[in-house]
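# Commentary on secondary and tertiary structure
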Amino acid sequence: MTLLKAEQLSKGYHQHGVLQPVLSSIELDLQQGEIVLLFGPSGEGKSTLLHLLAGLIRPDKGEIWFENLALSRASEQQLCQLRRQRLALVFQFFNLIPTLTVAENLQLSASLAQQQLNSHGLVKILKQLGLAAKAAVFPQRLSGGEQQRVAIARALVTQPRLILADEPTGNLDRDNAERVMTLFIEQVRKQNCTLLLATHDPTLKGMADRCLMLEQGVLYER
Amino acid sequence: MKPALKKAQWLGLLVVMLLLLALIFMAEPTAHTSQSSQSLHRLVNSTGSDTQPGWQQASVDYQLQFPRDHLAHNRFAVEWWYLTANLKAQQTGDHFGVQFTIFRRALNAVQVGSVAPDQNPWLQPQLYMGHLALTDTANAQHYSVQRFSRQGPGLAGSAAQPLSIWLEDWRLQANQPDQLFPAQLRAQAFRGQRPQSFGYQLQLTPLKPLLLQGEQGYSAKSEEGGNASHYYSATRLAVTGQVLRQGGWVDVQGLAWYDHEWTSTTLSKNQTGWDWFALQLEDGRDLTVIRVRGQPDYWQLTMSDQQGRPLPVKGLPRLQVLGHWQSKDGVRYPAHWRLQLTAPELDLEIRPRLANQEMRHTVRYWEGAVTVSGSHRGQGYAELTGYDAAR
Amino acid sequence: MLVASVRSLLQQPLQLFLLLLGMALGVAIVAAVQLSTASARHSYQAAITQLDSGATHQLRALAGIPSQLYVQLQRAPQSWSVLPVVRLEPQFVVTSSQGDSPALKLQLYGLDLLIEQRLRPGIFSGMVEGQLDWSVLMLQPSIWLSKQVATKQGLTIGDSFILHTPSGCHSVTLVGIFDDSQRPELAQRALMDIGQALMLKRETQLSYLDMMLTETQAEVLQSWLIEYGWAERVNLVQLEQHNPQPLGDAFYFNLNAMALLALLMGSLVVYSVIALSLQQRQPLFATLRLAGVSAAGLISGLLLELLLLSSLATLAGIALGMMLAHGLMPLLVESQAAFSVAPVARLHLSGGDLLRLWLLGSGGALLAALWPCLQLARCSPLQLQQPVMDTLQPERQVSRWRLMLVVMLLLAAGLLQQQQNLWALYSVIAALTLICALLLAPLLRMLALGLSQLLRRRPLALMVVRDGLRQQHYSQGMMLVLLLSLSSSIAISGMTSSFHQAFHSWLQQRLDAAIYISPADNHSGGTRHLDDKTLQALQARLLSSPEVKAYDLRWRQSLWLQGREVSLYSANFPQAATDSYQFIDQLAKVDSKTLWQQLRAGEGVMISEPLAWHLKLKAGDQLQLGPALSRPVLAIYSDYGSYQGRMLVGRSDFQRLFQAVPPYGVRVWLWPGVDAQSLITEPGWQDSRWQLRLAGLILQRSDQLFEQTFLITDALQLLFLLVALLAMGTNLLALQHHRRTESQRYRALGMSPALRRLIVLGQALLLAFSAGLLSLILGELLALLLTEQVQKVAFGWSIPWQYDGWRSLIALLSGMVAALLAAWLAATVGGKS
């Protein structure tokens, strides 16, 4: 089942009064449950594409449908609702709420999604990501890998339909990255989430269902 | 332009801008201090050739009487009490020339006498001007100071009991009633111990009786008349006392000359000023020579013998100017003379002890100690007026 | 480096604008207060004090200085400079033509212009028209006026007009006009020759003698006065001690303190904006450092950038300050006018003022920015490359050096307190404020921790509560601003309302008579006393009125006591007149009736509390009132009517001192049930020679006066709150900017704009509440100090501090509303950007 569809998606940024195109007529289909990797050189627009798909920015041209919701015509309220319940984001720089503990970060996502997260559920997910002992710890006391795992846990706790991840292991060392990605993919599969993962790491190809390449504003399957 | 230079340029501009702003606000309005001096100058000098109705005029019939005529004559426009002296320091022999003058100027002829003294003494219409000068010949210095005061309730003026003439704390006071001399003279330029202050405390003892100048004290000053004065002198006074010079008092002694003159018009229309000499010869004779410069010049000569009796002087003198002194701003004074008289026979060379003895105040004139040599030796004082107008 | 940095700053125009605005506003308020108070004070001094520029001393005597003394002084050989002055009471000037120009109060000075020229020649500078003709000046009634007055009255040189004086009407001729734009003290002066002035005054006595004396010369003069028998008849006073102003140093100190607080808040704005700006430009600085720019070079470049910006902002602030000062001046002048001849309201700005304000503005900005710059410079180039970590900064313990500073300050304040002077008190105030400022962070942390426990199941609420503990320089900046503004507002309101209450109730008690009668304040210059004929007529009226229960004549004169000018009052003091006096100290433990009997019998005097304070007197001390007249202090009474000091004496003593001084007023008591208002409308009561005032109207007028006096502080408080609002908004905006990336994060998590705004508002509310709580405590403490201590030290009277719960509540609520408003603005503007 098609979860997300993007048609003729174009986006550019103004620089010194001139419009610099970043994405040109992107076509994308994401199916429920598939894990898709997005490759491309730095600065080519991977993050821009993810932000468009998350409804954080609006395209210059084209349309994105998430299930039946046309993102460019959706209100801010609808988009918020989408991001609370059906879509989750994982960023390169963790982006945890620094004033909340690990457990509270997860509880925040759950409460925004109007879902109950009892302590049992909380412990379970933390255990799954190897963070059971860190529930009451604030993010700045965690290592990079731990923080990213918390970010992943936060994304998973609401059981979204789609997770958009923008180089989640970009800030981690090789070993950590491998560990985190293994856990991440494992959980995604368990929840039957769709995952679109922007990455530079070719070793992840084996874990994905599809690989896409974004180069010079054009998206094609690799 | 290089970025660094451009930066410096902007910084500089900013600093200049701020400085300009500060300067604008710091600018003070120009002072009008000269206004008051001009007014006084006009006032003091306005008895040139204008004769206002209402003033009393000198009269040949007027009999001078003393001590009455030692006092101020308020119905006359102008009056002065003048003391000059040539003194020597007792210890070092240094020469000092001393000038003590109190001028009186009545403000308004009509008003004179209209305000009774007991009504409001502050409104007595008499302006007093004092000049003090000291010539320190050894150090080639000439000091002078000016002071003004109204007559007021006793701020300046003259009084009979005790017989005195004063301007604030400058005072000439007789030791005895009814006679002006012997007298004490006390005056100090600035109160307190300021380094630039000078002054004197002198005891004056008469060596001769008073001499009436001109015709029994009537000094015509011109052929056509109209600017006559009453004038008498004490031509030879022995002086002892102290002179204040550069913060220190010096014991001195010497001879002084005292003049008292009053008039309502000092110069007639075609007169520009006068040269006046008061000479004390070593043989005991005293000579007054006045040349009122005009078209023609007017001469007045008076001589007294060793006892103070008037001596006749016949013929006109010959006064040759042998040298000049010029002030920095170009006023040229004669500064060396040859005076020749036929009867009595005198051939005198008169030189100032110090070239610059100019009095530069509201009234500008040269007044200084002179030496006399030639056929007779002596000393004296010379006064030269009207030379600043000729500049 | 400078160019790169400035360009980067220019890319954040909002920040740049806030930076400039914060500085400009802080400087503007300081400039406004300084300029207006200095100018008003200048004007007031000019109006009420003598024309004494350059004079160090004055010789004064009760009945004036005899001319004879002046002449003696001038003829004495000793070294002193003496100038005679005749001063006439303020006169009304009416033009001679139609009399349709407004009447004007002037102060007429008669001077000996020859002496003035010698000793005080500056008096003649600035004459723009007319001539200094001595003969005219001395011989004719001629007058000099200021340009302002001449223009106002439509007078030109040569015009004659009528001068109304106590001795009658006189025609005078205008002969000179002064440019008073640079000489404000001349604005409402008229100058005449001293002889002419004496003629107008119909006196021969001089008002006083101005003298220029060194200490040694003053001693010599004292000896001379004794030697020549003048010492008991005249007083030699040093001038700086004897120019009392009803709005004295304490008042101006308060105003300037408020202004400096405003500058401090402006600096806080600068601090927060600079800190944010530096963080945002961190990558640029990293690049510069990596390129080889040293830390010192970085700091100096940044400070130079700030110097340029602050100079610009300061100039704008000064311009704005001048505009504000124009607005404040009338308020100040109105305050002063309540007490005296209305001084001229003219702004007085010199180059020195300009330079000082520039130093203040730029210096303050540089100081505020120094810490963030130093912090930045301490980072290595690599550290600068790291993104700014959002950390939950745990509250550090108050560092030892801060504690030491506070302890030392308290100790110093405590020691100074022994001397009981204003500086000591303000040190205590500063110490208390500093302590409270240091307690802000711990208090917030406590509140946050407590609330965290209560809200542990609500992560959104937890975010609100805990976010205040991050970026403490912003949150504390905001709290500090709120603390300063709220506490000072509470303190000043507390002081003024306590004073008002005390003064009002005192006056109510003291106005025990129904009618107060004084000489008519008519345009003939007004006499200050009731002459014999007027008194006879008045007494006849009072005696023939059955409604009148009692009346009491009052006498008043000035007396010099231990170098202080004191108002001496005398009356018969009937029973009705004495009940309203409250004694705070008395010689013997007797009832007040006995005390008053002793006063009437001439066995002693009573003095007011301010007088006792200033001269360190207590009941029982002997006072030398005049030659061979010494009396003990029977009692000290409470009095708010004059901070200079008052004294009551019996009739016999008063007559010994002042012989035939006529009374200045009458107090009338009516029988119960008599309506004073309708009584005075009956025939015979109204007379052009006297004026009647009812107690109620006096009370009303005093309330008006009171409000007038404190108009300026009300205006300043408003300005103050405006700067506080700006400072809070700036801090919050800086916070918003700092957390902009977080905002994206919250969006990514699905938080709506409304929710995000709510978080900001919640944070602001919590910060405001914390600061507000401390402000209440601090504010009331300060109010207590200001009311009971500062008032005492500054004026000498005791005022009980009155607590008003509503005041505190309103202050707290207004602080929270202001914080919410600031937060809403920050969220809106920050959100849009």
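Residues numbered from 1 in each chain as written. Chains lettered and ligands numbered in written order. Predicted model: local features only at pLDDT ≥ 70, side-chain atom pairs only at ≥ 80, totals over all residues. Heavy atoms only, no water.

### Comments concerning the overall build of chain B
When helices and strands are tallied, chain B shows two helices and 23 strands. For chain B, with 391 residues in total, the buried portion stands at 54%. Look at the contacts in chain B between residues 6 or more apart in sequence, and 58% of them connect residues 24 or more apart. By element, 52% of the accessible surface of chain B is carried by carbon and sulfur atoms, the whole surface being about 16800 Å². (Helix = DSSP H or I, 4+ residues; strand = E, 2+ residues; numbered from the N terminus. Buried < 20%, exposed > 50% of the residue type's maximum accessible area, 1.4 Å probe, protein only. Contact = heavy atoms within 4.5 Å. Areas by Shrake-Rupley, 256 points an atom, 1.4 Å probe, with all protein chains shown as cover.)

### Points about helix α4 (residues 119–128) of chain A
Residue and element names in this part refer to chain A. Listed as buried for α4 are Leu122, Ile125 and Leu126. Seen from one end, α4 has its buried residues packed into an arc of 100°, which puts them on one side. Summarising the geometry of α4, the exposed residues directed more than 90 degrees from the buried face are His120 and Lys127. One or two steps after α4, the chain reaches Gly130, where phi turns positive at roughly 70°. (Arc of directions from axis to C-beta.)

### Section: the sheet that holds strand β10 (residues 218–221) of chain A
Residues and elements named next belong to chain A. What the six strands build is an open sheet, ordered β6-β7-β8-β3-β9-β10; its pairing is mixed. The sheet is open, and its two edges are formed by β6 (87–90) and β10, each paired on a single side. Pairs of neighbouring strands in the sheet enclose a mean axial angle of 20°, with direction left out of account. As paired elements, β6 and strand β7 (residues 162–166) share four bridges and run parallel to each other. The partner of Val90 across the bridge, within β7, is Ala165. Relative to β7, helix α1 (residues 46–53) is tilted by about 155°, and along the sheet it contacts β3 (35–39), β6, β7, β8 (194–198) and β9 (210–215). (Pairing = 2+ DSSP bridges. Axes fitted to C-alpha atoms, helices over the stretch in contact; angles between N-to-C directions.)

### Description of the environment of Gly477(C)
Here Gly477(C) is to be found in helix α17 (residues 472–510). C-alpha separation for the pair Gly477(C) and Asn731(C), spaced 254 residues apart in sequence, amounts to 6.7 Å.

### Thoughts on the interface of chain C and chain A
The interface of chain C with chain A comprises 21 residues on the first partner and 25 residues on the second. Between chain C and chain A lies a buried interface of about 2100 Å² when both sides are counted; carbon and sulfur atoms form 62% of it. When the buried area of chain C at its contact with chain A is split by residue, Arg745(C), Arg747(C) and Leu749(C) rank highest and sum to 29% of it. Applying the counting criterion to the chain C and chain A interface returns two salt bridges. With a closest N to O distance of 2.4 Å, Glu104(A) and Arg466(C) form a salt bridge. Linking chain C to chain A there are six residue pairs in polar contact (both at pLDDT 80 or more). Listed by contribution, the elements that provide at least two residues to the side of chain C that touches chain A are α16 (459–467), α26 (740–749) and α27 (753–795) of chain C. In terms of residues, the side of chain C that touches chain A owes the most to one element, α16(C), which gives six residues. Tallied by class, residues from the side of chain C that touches chain A come to eleven nonpolar, three polar and seven charged. (Buried area = accessible area lost by both parts, 1.4 Å probe. Salt bridge = Lys/Arg side-chain N within 4 Å of Asp/Glu carboxyl O. Polar contact = N/O pair within 3.5 Å; in protein donor to acceptor, adjacent residues only side chain to side chain. Nonpolar A, V, L, I, M, F, W, Y, C, P; charged D, E, K, R; others polar.)

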